[in-house]
Amino acid sequence: MEPAKKGELKKGPEESVGASESARLIRAEAEEHLSRVPSVSSDLKGKTQEEIIHELQVHQIELEMQNDELRRIQNELEISRYKYLDLYDFAPVAYLTLTDKALISEANLNGARLLGVERRALGGARFRKFIAPGDADAWDRYFVNVLKHDEKLTISLTLKHSDGSTFPAQLESIRLKGTEGVATTVRVAISDITDIREAQQAIHDGEERYRLLLQNAPEMIFFHELTSDGFGKFLEVNDRICTTLGYTRDELLAMNVSDINVPEQNERTPAVLKNLFAHHHVTFETEYVAKDGHSVTVEIGATLFNLRGRQTILEIVRDISEHKRLEGALRETNKKLNLLSSITSHDINNQLQVVNVLLELLHMKVPDPKLEDYFKKVTNASARITAIIQFARTYENIGVNAPVWQNLRSLIASVTTAVPTGSVVLSNDLPAGTEIFADPLIFRVFYNLIQNAVQYGETITSIRFSGEERDGYYLIIGEDDGIGVPAVEKEKIFERGFGKNTGLGLFLSREILSITGITITETGEPGKGARFEIAVPKGAYRFTGDCSPD
């Protein structure tokens, strides 16, 4: 057997037999055709036998070449057909071909799998039986519409598996208009969109939860634009801000944030924005103006984020009007109590002075050695009462004034000038830009530490203050080179009444620091000096300028 020519499929024995039979039939048809035409073609008249034979040979070669070309084309068509069938059958998308009566004429493997039916059983089946009853009418209208148009049309329907279970599907259909002798068909691509529907449902559920959270939150919550001029229009508001300010939702959505700010806050807007751009979140207090004109004191937490390519601000707002009123009332009450305490302390102190004078006169008039011990005890008791009154005056002022940011280095420097240190050398190694948020009475904390070290250190020659940032807090270290604190007394020294004098200094220090969450402990090694560590929590310390620690 000859090898196949280029462009031809190699023929097997059966194909060769088929080709011989085809050639015989063609020759018989040609002879019949020749019998119906004149015996001699006009093109051959006047030609010799050799010329006629030559002409016939040329025609024969032309016919053979045309036949070879036809075979090549047929082979290419067969190859293309096989490729098409492979692509059609093994495509990841389900394909069906329907007649103009919506009967299934072809289905690929994925189409049969999707419907849960063997492919050979689909031939001639009405596609409508795979449509869920609720969508049957929609399918009928859709199919009629597909037959009327040349472009692809899409619809989402619920289809049925052969076992009766259903699934959401998207159908893309296009009409293949028939030619003469060829009927019109419809090619349908089917996609199972269960995952898409589940994702859409998840998004819907998430939006519903967000809506419920937003509308039922106890705080005022809203989103608004960020414009070149500052805070822009409201994009979304919850019910709480509507009820608090007396506006409807539609009214607020037509307004700008500056419309509810007090004028002073609008003047502060550039500074707030600068801080917001630097940290992406700011907290501040201000006032809003309600619809009826009354002001509402609020605490705002504003967060900057990107929403669909636009800079947007989320604000969670707490109404602190009542809190401020109670805070003011408490402050006034404290002032009155402090005034009463001050007057009482003053009167008691005056009476003690009278007692001390009379006691001194009595001591002079009755110089009896037997009474000397009694006089000494009464004098000590009077002095102790005076110290307790002084402690009460100090303690009653703790928390009266709001905590403030204070520069540590400057604070230690000012304390140093107030405490006589004698020959003791004091080193202030705290960074210049370190600030802590504490009660104003923190001055007394460092005063007590330095005074105690100088007064009771015995062998002390130096005191040093330094600081370092650790995980989550800033540590202020005050240490000396004295005899230190015995291990059994490290915690007792902070108890009220423990100590060589009144036993109130370190107790007061711990109370003052605790107002802003600051703690103090003694960690020195006995015999090598005292070491007090003051731990300032995150949020209660900061670094200003270029003086932050490395």
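Residues numbered from 1 in each chain as written. Predicted model: local features only at pLDDT ≥ 70, side-chain atom pairs only at ≥ 80, totals over all residues. Heavy atoms only, no water.

Student: Explain the nonpolar core to me, please; I cannot follow it from the model alone.
Tutor: In summary, soluble globular proteins display a tendency toward joint burial of nonpolar side chains. Judged by nonpolar contacts, the single largest core of 35 residues is most densely connected at I436, I442, F446, I476, F532, I534 and V536. When residues of this core are traced back to their parent elements, those giving at least two are α12 (408-418), β13 (434-438), α13 (442-456), β14 (462-470), β15 (473-480), α14 (505-514) and β17 (531-537). When sequence neighbours within four positions are dropped, the list of residues in contact with F446 reads L408, L411, I412, V415, F465, I476 and I534. In this structure, A107, L114, F143 and L157 belong to the second largest nonpolar core, which totals 29 residues. (Core = buried A, V, L, I, M, F, W, Y, C linked by side-chain atoms within 4.5 Å. Buried < 20%, exposed > 50% of the residue type's maximum accessible area, 1.4 Å probe, protein only. Helix = DSSP H or I, 4+ residues; strand = E, 2+ residues; numbered from the N terminus. Contact = heavy atoms within 4.5 Å.)

Student: So what exactly am I meant to see when it comes to the pattern of salt bridges here?
Tutor: Note on pairing: side chains with opposite charge can pair once their charged atoms come close. By the definition in use, this model includes 19 salt bridges. Residue K377 pairs with D373 through a salt bridge whose shortest N-O separation is 3.5 Å. Taken as a pair, K377 and D373 lie in helix α11 (residues 372-395) at a separation of four residues, close to a single helical turn. With a relative accessible area of 53%, K377 lands in the exposed category. Residue R510 is joined to E491 by a salt bridge in which the shortest nitrogen-to-oxygen separation is 2.7 Å. In this pair, R510 sits in helix α14 while E491 sits in the loop between β15 and α14, placing the two residues 19 residues apart along the sequence. The exposure class of R510 is partly exposed, given its relative accessible area of 25%. Shared partners join several salt bridges into a network, and the residues in it are D429, R464, E479, R531 and E533. (Salt bridge = Lys/Arg side-chain N within 4 Å of Asp/Glu carboxyl O.)

Student: When you look at the sheet that holds strand β11 (residues 404-407) in this model, what are you seeing that I'm missing?
Tutor: Sheet strands pair by backbone hydrogen bonding; their relative direction is either parallel or antiparallel. Taken in spatial order, the three strands line up as β11-β13-β18 in an open sheet, and their pairing is antiparallel. Edge positions in the sheet fall to β11 and β18 (541-543), since each of these pairs with one other strand and no more. With direction set aside, neighbouring strand axes in the sheet form an average angle of 30°. (Pairing = 2+ DSSP bridges. Axes fitted to C-alpha atoms, helices over the stretch in contact; angles between N-to-C directions.)

Student: So what exactly am I meant to see when it comes to the side chain of T97 here?
Tutor: Considering the arrangement of structural elements, one finds T97 in strand β1 (residues 94-99). Of the residues examined, T97 reaches a relative accessible area of 4% and is grouped as buried. Side chain to side chain, T97 and R187 meet in a polar contact 2.9 Å long. (Polar contact = N/O pair within 3.5 Å; in protein donor to acceptor, adjacent residues only side chain to side chain.)

Student: I would appreciate a short explanation of the packing of aromatic side chains in the present structure.
Tutor: Between two aromatic rings, the relevant description is the distance of the centres plus the angle of the planes. On inspection of all chains with the given rule, the structure shows 13 aromatic pairs. Taking 5.1 Å as the distance between ring centres and 80° as the angle between the ring planes, the aromatic pair formed by F222 and F234 counts as edge-to-face. Of this pair, F222 sits in strand β6 (residues 220-227) while F234 sits in strand β7 (residues 230-237); the two residues are twelve residues apart in sequence, bridging distant segments of the chain. Through successive ring pairs, a cluster of aromatic residues spans F127, F130, W139, Y142 and F143. Note that R510 overlies the ring of F494, its terminal NZ or CZ placed 4.2 Å from the centroid. The ring of W405 has R542 lying over it, and the distance from NZ or CZ to the ring centre is 4.1 Å. (Phe/Tyr/Trp six-rings, centres within 6.5 Å; stacked < 30°, edge-to-face > 60°. Lys NZ or Arg CZ within 6 Å of the ring centre and 35° of its normal.)

Student: Would you mind showing me how to read unusual backbone geometry here?
Tutor: One can expect most non-glycine residues to show negative phi and most peptide bonds to be in trans. In this structure, A102 takes a positive phi of about 65° despite not being glycine. Tracing the backbone through its elements, the reader meets A102 in the loop between β1 and β2 (104-107). The exposure class of A102 is buried, given its relative accessible area of 8%. Of note, the phi angle at H280 is positive, near 65°, even though the residue is not glycine. Its location among the elements puts H280 in the loop between α9 (263-279) and β8 (281-289).

Student: For this particular structure, what's the right way to read α9?
Tutor: What sets the pattern is the α-helix's 3.6 residues per turn: residues three or four places apart point alike. Between its first and last C-alpha, α9 extends 25 Å over 17 residues, near the 24 Å set by a 1.5 Å rise per residue. In the structure, α9 departs most strongly from a straight axis at T269, where the bend amounts to approximately 45° and where the proline P270 lies between one and four residues downstream. Q265, T269, V272, L273 and L276 are the residues of α9 that are buried. (Expected span 1.5 Å × (residues − 1). Bend = angle between axes of the 7 residues up to and from the residue.)

Student: How should I be thinking about the sheet that holds β15 in this particular structure?
Tutor: What the five strands build is an open sheet, ordered β12-β14-β15-β17-β16; its pairing is mixed. The open sheet has two edge strands with one neighbour each: β12 (425-428) and β16 (519-522). Looking at each pair of strands side by side, their axes are set apart by 20° on average, direction ignored. Taken together, the eight bridges between β14 and β15 define a ladder with antiparallel strand orientation. The partner of E468 across the bridge, within β15, is L475. In the packing of α13 onto the sheet, the strands contacted are β12, β14, β15, β16 and β17, and the crossing angle to β14 comes to about 140°.

Student: Help me out: how do you make sense of the packing of α13 against α14 in this one?
Tutor: When two helices pack together, their arrangement is given by the angle between their axes and by how far apart the axes lie. Interaxial distance between α13 and α14 falls to 9 Å at its minimum, and their mutual angle equals 150°. The orientation of α13 with respect to α14, classified from their angle, is roughly antiparallel. In this structure, α13 meets α14 at a crossing whose hand is left-handed. Where α13 approaches α14, its residues I442, R444, V445, N448, L449 and N452 are matched on the opposing element by G505, L506, S509, I512 and L513. Looking at side-chain class alone, the contact of α13 with α14 contains six nonpolar, four polar and one charged residues. (Parallel < 35°, antiparallel > 145°, perpendicular 65-115°, else oblique. Left-handed = near helix turned anticlockwise from the far one by under 90°. Nonpolar A, V, L, I, M, F, W, Y, C, P; charged D, E, K, R; others polar.)

These results come straight from atomic positions and should not be treated as a statement about function.
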